[in-house]
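Observations on chain architecture
Letter by letter, the chains look like this.
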Amino acid sequence: MGSIPIGSTMDSKKLGVLGEKIARDYLKKKGYKILDKNYFPKFISGPKRGEIDIIAKRGDIIIFTEVKTLAGNSQIISPEEKVDFFKKRKLIKTAQSWLMEKNFLDKKWQIDIISIKIDYNSSPTQQGKAKIRAKIRHFQNAIF
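The text that follows walks through the structure, step by step, so that each part is easy to find. On a predicted model such as this, the values are computed, not experimentally measured, just so you know. (Residues numbered from 1 in each chain as written. Predicted model: local features only at pLDDT ≥ 70, side-chain atom pairs only at ≥ 80, totals over all residues. Heavy atoms only, no water.)

1. Comments concerning unusual backbone geometry
We count it as follows: Strands here are runs of E lasting at least two residues and helices are runs of H or I lasting at least four, both read from the DSSP assignment and numbered beginning at the N terminus. Buried, partly exposed and exposed residues are distinguished by accessible area as a fraction of the type maximum, computed with a 1.4 Å probe on protein chains only: under 20%, between the cut-offs, and over 50%, respectively.
Notably, Asn38 is not glycine yet its phi reads approximately 50°, a positive angle. When you line up the elements, Asn38 lands in strand β2 (residues 33-39). You can call Asn38 partly exposed: its relative accessible area is 32%. The backbone phi angle of Asn141 is positive, close to 50°, even though this residue is not glycine. Within the secondary structure layout, Asn141 lies in strand β6 (residues 129-143). Residue Asn141 is classed as partly exposed on the basis of its relative accessible area, which comes to 39%.

2. A word on the pairing of strand β3 (residues 52-58)
Our working definition: Here the rule is simple: two strands pair whenever DSSP picks up at least two bridges between them.
Counting buried positions along β3 yields five of seven residues, so the element is predominantly enclosed. Judged from the five bridges that link them, β2 and β3 form a sheet pairing that is antiparallel. Looking at β3, one finds that Ile34 is bridged to Ala56. The pairing of β3 with strand β4 (residues 61-71) spans five bridges and is antiparallel. Its bridge partner lying in β4, Ala56 is registered against Ile63. In textbook terms, the turn of a hairpin is the stretch between consecutive antiparallel strands, and for β3 and β4 this stretch comprises two residues, one of which, Gly59, has a positive phi near 65°.

3. Here we look at the nonpolar core
Using the following cut-off: Definition of nonpolar core: a set of buried residues of the types Ala, Val, Leu, Ile, Met, Phe, Trp, Tyr and Cys, connected through side-chain atoms within 4.5 Å. For this analysis, residues touch if any pair of their heavy atoms sits within 4.5 Å.
Formed by 14 residues in total, the largest nonpolar core has its most connected members in Ala23, Leu27, Ile54, Ile114, Ile116 and Ile118. Those elements giving two or more residues to this core turn out to be α1 (12-29), β3, β4 and β5 (108-124). The element contributing the most residues to this core is α1, with five residues. Look past the residues within four positions of Ala23 in its chain and what remains in contact with it is Ile54, Val67, Ile114 and Ile116.

4. Focus on the environment of Phe64
Here Phe64 lies in strand β4. Assessed through its relative accessible area of 0%, Phe64 is described here as buried. Sequence separation between Phe64 and Ile54 is 10 residues; the distance between their C-alpha atoms is 6.0 Å. Ignoring any residue separated from it by four or fewer positions in sequence, one finds Phe64 in contact with Ile52, Ile54, Ile55, Ala95, Trp98, Leu99, Trp109, Gln110, Ile111 and Asp112.

5. Looking at the packing of aromatic side chains
Worth spelling out the cut-off: A pair of aromatic rings is counted whenever rings of Phe, Tyr or Trp (Trp by its six-membered ring) have centres within 6.5 Å, and the orientation is called stacked for planes under 30 degrees apart, edge-to-face for over 60 and tilted otherwise. By the criterion adopted, a ring carries a charge over it if an Arg CZ or a Lys NZ lies within 6 Å of its centre and within 35 degrees of its normal.
Considering all chains together, one arrives at four aromatic pairs under this definition. Both rings, one in Phe64 and one in Trp98, keep their centres 5.6 Å apart while their planes meet at 80°; by these two values the pair is edge-to-face. A residue pair is termed long-range when its members are at least 10 positions apart, and Phe64 in strand β4 and Trp98 in helix α2 (residues 85-101) qualify at 34 residues. On the basis of relative accessibility, which here comes to 2%, the residue Trp98 falls in the buried class. Joined through ring pairs, the aromatic side chains of Phe64, Trp98, Phe104 and Trp109 make up one cluster. Here the basic side chain of Lys107 rests over the ring of Phe104, its NZ or CZ set 5.6 Å away from the ring centre.

6. Quick word on the pattern of salt bridges
Inclusion rule: A side-chain nitrogen of Lys or Arg and a carboxyl oxygen of Asp or Glu constitute a salt bridge if their distance falls within 4 Å.
Under the criterion given, the structure shown has five salt bridges. Residue Lys108 pairs with Asp60 through a salt bridge whose shortest N-O separation is 3.4 Å. Of this pair, Lys108 sits in strand β5 while Asp60 sits in the loop between β3 and β4, and the two are 48 residues apart along the sequence. A salt bridge links Lys68 to Glu66, with the shortest nitrogen-to-oxygen separation between them at 3.4 Å. Through salt bridges with shared partners, a single ionic network connects Glu66, Lys68 and Lys87.

Purely spatial values, then, with no claim about function.
Right under this line is the structure:
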């Protein structure tokens, strides 16, 4: 999957960026066409502002994807469980905003969740870096 220097840690922002890259690569391998990433509505600001991590298309369906990434094996909660009722509402409104901006209101669409658990293997590569392994779970049409 990839590697990081042995002994280094990753803050939550970098972990999220890594998770989104892994998710985009995963979707591309599955035949999705990436249309947009890290979309914020232009006309909404403040704490209620939402973001869509990945917007893709497969066939005639536009897929808005929320990516949740956690590192290590000790989490009590799985990544996808972090998408609560309020996050779901925000995702729906943000997806509708993107559809309005692009004039795609007549298109079929859905919201998926991609859950990623990152495991850093402690055995170094020849370059002195730890291997990264990612467990990916894709929940299609998870929010409606």
